[in-house]
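Report on the structure
Chain by chain, the residues run as shown.
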Amino acid sequence: MAEGQLRDAPGTTGPAVGSPAWFAWLDDGASRSFAFRSPEGVFTARKERRRRGGAYWVAYRTAAGRQHKVYLGRGEDLTHERLVGAATTLSERIARVEPAGAEVLLLATKWFVPQPRADLVPRPRLVARLNAGLATGRCSLLSAPAGAGKTSLLAAWLAQVDRRVAWLTLDDRDQTADQVLRYLVAACQSVAPGCGRTARAWLDAPRPARPEVVVTALVNDLVDLPAPGVLVLDDYHAVRDPGVHTAIALLLDHLPPALHLVIASREDPPLPLPRLRARRQLTEVRAPELSFSVREAQTLLDGLSLRPAQVTDLVERTEGWAAGLQLAGLALRERADPSSVVAAFTGGHRLVADYLLAEVLERQPPATRRFLLQVSVLDRLCAPLCDAVVGTASGQELLEDLERSNLFVVPLDTHRVWYRFHRLFADALRARLAREAGPEAVAALHRRASAWLGREGLLPEAIGHAVAGGATEDAAAWVEALAPAMFATMSVHRILADGLAALPERVVRGRPMLCLAHAWLLIHRVDLEPATAWTEAAASALPAAGDAPSGTDGARARGAVAATRAYLATVSPDTAPELAVTWAERALADLPPDEPAFRGIAGVSLGQAALASGRLDRAERAFAGAAATDRAAGLVQGSLTATTQQVTVLRLRGARREALSTARAALDWASAHAVPSILGRLEAALADLLIDADDLDAARPHAMRGLVAPREFGNAPPLVLLACLPVVRLHLATGDAAAARALLDDVGPLVRHGPYAMVTRLLEAAEARVLLATGDGAAAVGWATAVAWTAPVAAAALPDLLRFGAAAVEAGAVTPARVLVAQGRVTGDAELLDRARVHLDAAARLAEDAGLGWLRLRVLILRALAADARGDRRSALAAAGEAVTLAGPEGVTRPFRDEGEPIAALLAAREQAREPGRGGPVAPLTARELDVLRLLAVGRSNAGIAAELYVELSTVKTHLIHLYGKLGVRRRTEAVARARAIGLLD
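Residues numbered from 1 in each chain as written. Predicted model: local features only at pLDDT ≥ 70, side-chain atom pairs only at ≥ 80, totals over all residues. Heavy atoms only, no water.

For the chain, an unreviewed UniProt entry supplies the name HTH luxR-type domain-containing protein and the organism Virgisporangium ochraceum.

Written as structure tokens, this is what we have:
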């Protein structure tokens, strides 16, 4: 379901939502589910039945392993408005979730728009100034010292502005561009849930994207805001990182006209302010404008029995500083003699802080004073957390009293659940606490906070307090609890890395799951040698086998270690498929069903081991199962990794259409969970499938997204090269060999001399194809002659070829022969053609044995060209015809176009030579094809043929495709009848 139309498959449309046909489809008993997609969000709708009869629809969406649902109603209730409303509700609900997945990393209260207090002093002159700037400018800047009333003014102004407001409060922890941009995207999504998904996707990756990449994606989304809006960055002075300033400057330069940026800061930010001033696009409100006038101060201090002269004196002493006047008002409420308060109220910020402690804190009841000091260790407060830290049950009452008394607590949500202290007040309280209580007492408070936050699932905060409190074991436990989230979202990697770095190494090495967290952080960067060392450290930390029976935490850890060992055995330079199978089976035996992450890893490992062994059917089943397991658990990264491998296997088998539909379905599902580094590999695979069909325009955006993802995040050289190859194919297909050469020259230094020999071969083979495209066939032959690995491909090379996919199979089994055939045709050198035949015969055997339809097609095309060059026109036409028969059902055309005029001439000659009703096969059947034909004639199923011949089911399917092509039929019954007619079954 997209754009208000029901679609059965990509490119098809069904009934429009709300039409009679739509409601008829909903009522049809065969209609069980549909997927809905809109700018407001996505979900899957399922029809469910009540016990007493009747059916109703429910919308489901899974995020980070947690399922959310919204009741839709009966079929007649499912209007387009109903569906959009459900999508919006689910998006907002997921955005509010903190304990699981990526959302646990962000404090939703940072984008809470403050509400104006009922007793706020009206400041119409400043509101009018901001309104004027909103109408004519791009940006408004409120720059003034702490406590000047910037946030209060913005709250009052925004309450009367008829625009959507996205708010972000920055603090001292926001010191990386990644951190600030992540919160910025979340703030924008708080008012437009569909906004910023691409930017968020760039952020959720192993390493941070360049700020300009994320900002560009965000700006592109902001252009389509449904209504004008205001974006506020409060407390911008807390940011010190130059990368953040660069990102905000880019945002400011390219801000859409419908969005107005407001920055509140204690100092001028390092942004292009002079340019904005020159263009009259900047509205500035500074300390002089924010300073309270005597009249405003009289309103603020009303009820305190001050004479006009005393109010004037306070305004002069504080220079109209709002926080100073408010502090003075608090002190005046406790003193009978206003004159002494006014006379003593002087000094800079430090004196004001001292005065605050002496005149406010010291005058509180002992219980309140103790409460304030003890909870000052917290960055944000809620009643249960305060109770846990202080050891009382009066937190809610005290917080409400503090708010009512204007005692510098700020509500962070509309439900008055979370609060924070005014920062000056918090700093003063913490300094007093450290002097009065001492370091051990402060550490104890941090430990109590950590315990509560950990129990509530607020793990990043729990880790920070545990470290601050010296609670090493608690910190280790919370890091361990957070670790599984790395398989749901890449965004936890940095928090995990920081948490692990804060722990003593002996503690990490004593916990197998912490060792594995280290290992997987390294695996995701393809840093396999230290990853293997940490995996072995995890194994050393396991309890003895007899101490960890099935179902226990020890068995889970043992299974997790085994799954990691299995995966490493399939991705290390010296792949070991048999060992991988052993470890994966041990993992599955130890891991319970509710451990999807490591069960998925074990499944992927089994698939990669089967692939390396040439058992494509088994590999495909394993990858499909692992993808489904991870998808059901919301583990986006694991699911897309497995799906990418599944698509690779399908393409190798020659099943391009099935591979294409599988890849597109996975990308559609991942649209709400996009992870560029993982999506990039699937995007590249999809690009190759589209190029195979010569759909270059459709392939280009996928290829470019596949190229950008690993390079932008600094991924390992093997991933960079694999992402480059579809782009090289595109350049060569469009005749731009120079661009292809430039791209390979750029990648070459990253790839050569690495631990993976096959990666170097991939690069060299791509360079040889560029040489052919530029007409330098002699140089290409020199390459084919000089490099040691161009001996005909052998079965022993299969594991190393298949784990790098079709590109490696082409590099090892096709490209050397292609170079020799091309140059042999040009020069007439029979020796080159003979050498090409040796390569092609070896490649044909490999394709036959492993069921590699993709390789067989390319062998047939090159055999046709080689035979034509030798003058064997009959064999050339037969091979060309068989290639067309093999490629046609899958829509594959690009491999023919890549060979240019020679293959085109052969295909044209074949068409001219064909006679209507012509009998007999176009080429002799192989011995194995005859075996399959005889079993087909006695009624064996595909599975029965596979069992009797001891081959994979995919191999049988490949043989049948060849048989049908040679016999000129489409069905098994036609094949048997045709074979009997020409005497093949006598």
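A look at the pairing of strand 5 (residues 139-143)
Most of strand 5 sits inside the fold, with five of its five residues counted as buried. Burial along strand 5 is two-sided: Cys139, Leu141 and Ser143 and Ser140 and Leu142, pointing in opposite directions, are all buried. The pairing of strand 5 with strand 8 (residues 259-265) spans five bridges and is parallel. When the sheet's bridge partners are listed, Ser140 is paired in strand 8 with Val262. Where strand 5 meets strand 9 (residues 282-286), five bridges bridge the pair, whose relative direction is parallel. In the strand pairing of strand 9, Ser143 is matched with Arg286. (Buried < 20%, exposed > 50% of the residue type's maximum accessible area, 1.4 Å probe, protein only. Helix = DSSP H or I, 4+ residues; strand = E, 2+ residues; numbered from the N terminus. Pairing = 2+ DSSP bridges.)

Describing the packing of helix 28 (residues 577-590) against helix 29 (residues 596-612)
It is the contact of helix 28 with helix 29, at a shortest axis distance of 9 Å, that shows an interaxial angle of 155 degrees. Between helix 28 and helix 29, the angle falls in the class roughly antiparallel. Like other packed secondary-structure pairs, helix 28 and helix 29 cross with a definite hand, here left-handed. Residues Pro577, Ala580, Val581, Ala584, Ala587 and Leu588 of helix 28 form the contact with helix 29, whose own contacting residues are Arg599, Ala602, Ser605, Leu606, Ala609 and Ala612. For the contact of helix 28 with helix 29, the class distribution of residues is 10 nonpolar, one polar and one charged. (Axes fitted to C-alpha atoms, helices over the stretch in contact; angles between N-to-C directions. Parallel < 35°, antiparallel > 145°, perpendicular 65-115°, else oblique. Left-handed = near helix turned anticlockwise from the far one by under 90°. Contact = heavy atoms within 4.5 Å. Nonpolar A, V, L, I, M, F, W, Y, C, P; charged D, E, K, R; others polar.)

Quick word on helix 32 (residues 656-669)
With 14 residues, helix 32 should cover 20 Å at 1.5 Å per step; its first-to-last C-alpha distance of 20 Å lies within 8% of that length. Those residues of helix 32 not exposed but buried are Arg656, Ala659, Leu660, Thr662, Ala663, Ala666 and Leu667. All buried residues of helix 32 fall inside an arc of 165 degrees around its axis, so they share one side. (Expected span 1.5 Å × (residues − 1). Arc of directions from axis to C-beta.)

Looking at the nonpolar core
One broad trend across soluble globular proteins is that nonpolar side chains are buried collectively. Counting residues in hydrophobic clusters, the biggest one holds 196 residues, and the most contacted among them are Leu378, Leu385, Phe421, Phe598, Leu852 and Leu855. Ranked by residue count, the leading element in this core is helix 42 (residues 853-869), at 11 residues. Within the second largest apolar cluster, 48 residues are counted, among which are Leu168, Cys188, Leu259 and Leu261. (Core = buried A, V, L, I, M, F, W, Y, C linked by side-chain atoms within 4.5 Å.)

Section: the environment of His245
Positionally, His245 belongs in helix 8 (residues 242-253). Spatially, the C-alpha atom of His245 lies 7.9 Å from that of Pro269, the residues being 24 residues apart in sequence.

Concerning the pattern of salt bridges
Inspection of the entire model under this criterion finds 44 salt bridges. The shortest N-O distance in the salt bridge between Arg286 and Asp268 comes to 2.7 Å. Taken as a pair, Arg286 in strand 9 and Asp268 in the loop between strand 8 and helix 9 (273-278) lie far apart in primary sequence, 18 residues in all. Judged by its relative accessible area of 23%, Arg286 falls in the partly exposed class. Of the charged contacts in the structure, one is a salt bridge between Glu899 and Arg818, with a shortest N-O distance of 2.9 Å. Taken together, the residues span a long stretch of sequence, with Glu899 in the loop between helix 44 (894-898) and helix 45 (901-913) and Arg818 in helix 40 (residues 806-827) at a distance of 81 residues. Linked through salt bridges whose partners overlap, the residues forming this network are Arg651, Asp688, Asp692, Arg729 and Arg858. (Salt bridge = Lys/Arg side-chain N within 4 Å of Asp/Glu carboxyl O.)

Thoughts on the sheet that holds strand 7 (residues 229-234)
Taken together, five strands build an open sheet; the order of strands is 6-7-8-5-9 and the sheet is parallel. Only two strands of the sheet have a single partner each, and these edge strands are strand 6 (164-169) and strand 9. Each adjacent strand pair in this sheet contributes to an overall mean axis angle of 15 degrees, direction not counted.

Quick word on the side chain of Thr169
Looking at the secondary structure, you find Thr169 in strand 6. Assessed through its relative accessible area of 13%, Thr169 is described here as buried. A distance of 2.7 Å separates polar atoms of two side chains, one belonging to Thr169 and the other to Trp167. (Polar contact = N/O pair within 3.5 Å; in protein donor to acceptor, adjacent residues only side chain to side chain.)

Digging into helix 25 (residues 512-523)
Here helix 25 spans 16 Å end to end across 12 residues, near enough to the 16 Å set by a 1.5 Å rise per residue. Within helix 25, 10 of the 12 residues are buried, leaving the element largely enclosed by the surrounding structure. Listed in full, the buried residues belonging to helix 25 are Pro512, Leu514, Cys515, Leu516, Ala517, Ala519, Trp520, Leu521, Leu522 and Ile523. Packing partners of the buried residues in helix 25 comprise helix 22 (472-482), helix 23 (493-502), helix 24 (505-509), helix 26 (528-541), helix 27 (553-571) and helix 29.

Some remarks on the confidence of the model for the chain
The predicted model of the chain averages 83 in pLDDT, with 88% of residues at 70 or higher. Long-range and interchain partners of residues 98-104, a stretch whose pLDDT sits below 50, account for 25 contacts in this model, where long-range means more than four residues apart. Counted against residues more than four places away or in other chains, residues 915-922, with its pLDDT under 50, gives 12 contacts. (pLDDT = per-residue confidence, 0-100.)

With respect to the packing of aromatic side chains
Within this structure, the stated rule accounts for nine aromatic pairs. A centroid spacing of 6.0 Å and a plane angle of 15 degrees characterise the contact between Trp22 and Trp25, whose relative ring orientation is stacked. One end of the pair, Trp22, and the other, Trp25, are both in helix 1 (residues 20-27), three residues apart, so they sit about a helical turn from each other. For Trp22, a relative accessible area of 0% gives the class buried. Considering the side-chain rings of Trp520 and Tyr567, the 5.2 Å spacing of their centres and the 45 degrees angle between planes classify their relative orientation as tilted. Taken together, the residues Trp520 in helix 25 and Tyr567 in helix 27 connect sequence positions 47 residues apart. A single burial state applies to Trp520 and to Tyr567, both of which are buried. Taken together, the ring pairs connect Trp22, Trp25, Phe34 and Trp57 into an aromatic cluster. Positioned over the ring face of Trp418 is Arg380, at 3.8 Å from the centre of the ring. For Arg586, the ring lying beneath its charged end belongs to Trp583, and the centroid distance is 4.7 Å. (Phe/Tyr/Trp six-rings, centres within 6.5 Å; stacked < 30°, edge-to-face > 60°. Lys NZ or Arg CZ within 6 Å of the ring centre and 35° of its normal.)

What to know about the environment of Leu906
Mapped onto the elements of the fold, Leu906 is located in helix 45. A relative accessible area of 0% means that Leu906 is categorised as buried. Along the chain, Leu906 and Ala880 lie 26 residues apart, while their C-alpha atoms are 7.1 Å from each other. When neighbours within four sequence positions are excluded, Leu906 is seen to be in contact with Ala864, Leu865, Asp868, Arg873, Ala876 and Leu877.

Let's talk about a negative patch on the surface
On the surface, Asp27, Asp28, Glu76 and Asp77 cluster together into a negatively charged patch. As for its placement among the helices and strands, Asp28 is situated in the loop between helix 1 and strand 1 (33-38). (Patch = residues over 30% accessible without salt bridge, like charges linked within 9 Å, V, L, I, M, F, W, Y side chains within 5 Å. Areas by Shrake-Rupley, 256 points an atom, 1.4 Å probe, with all protein chains shown as cover. Lys, Arg positive; Asp, Glu negative; His and termini not counted. Charge placed at Lys NZ, Arg CZ, Asp CG, Glu CD.)

What to know about unusual backbone geometry
Within the chain, Asp235 stands out as a residue other than glycine whose phi angle is a positive 55 degrees. On the basis of relative accessible area, Asp235 is assigned to the buried category, the value being 9%. In this structure, Asp694 is a non-glycine residue whose phi angle is positive, near 65 degrees.

Notes on the packing of helix 21 (residues 459-468) against helix 22
At their nearest, the axes of helix 21 and helix 22 sit 8 Å apart, and the two run at 160 degrees to each other. Here helix 22 runs roughly antiparallel to helix 21, going by the angle between their axes. For the element pair helix 21 and helix 22, the recorded crossing hand is left-handed. Residue-level inspection shows Leu459, Ala462, Ile463, Ala466 and Val467 of helix 21 in contact with helix 22, the latter providing Asp474, Ala475, Trp478, Val479, Ala481 and Leu482.

Examining the environment of Ala476
Mapping Ala476 onto the fold places it in helix 22. Taking the C-alpha atoms as reference points, Ala476 and Ile463, separated by 13 residues in sequence, lie 8.0 Å from one another. Contacts of Ala476, omitting those with residues within four sequence positions, involve Leu503, Val507, Arg511 and Leu514.

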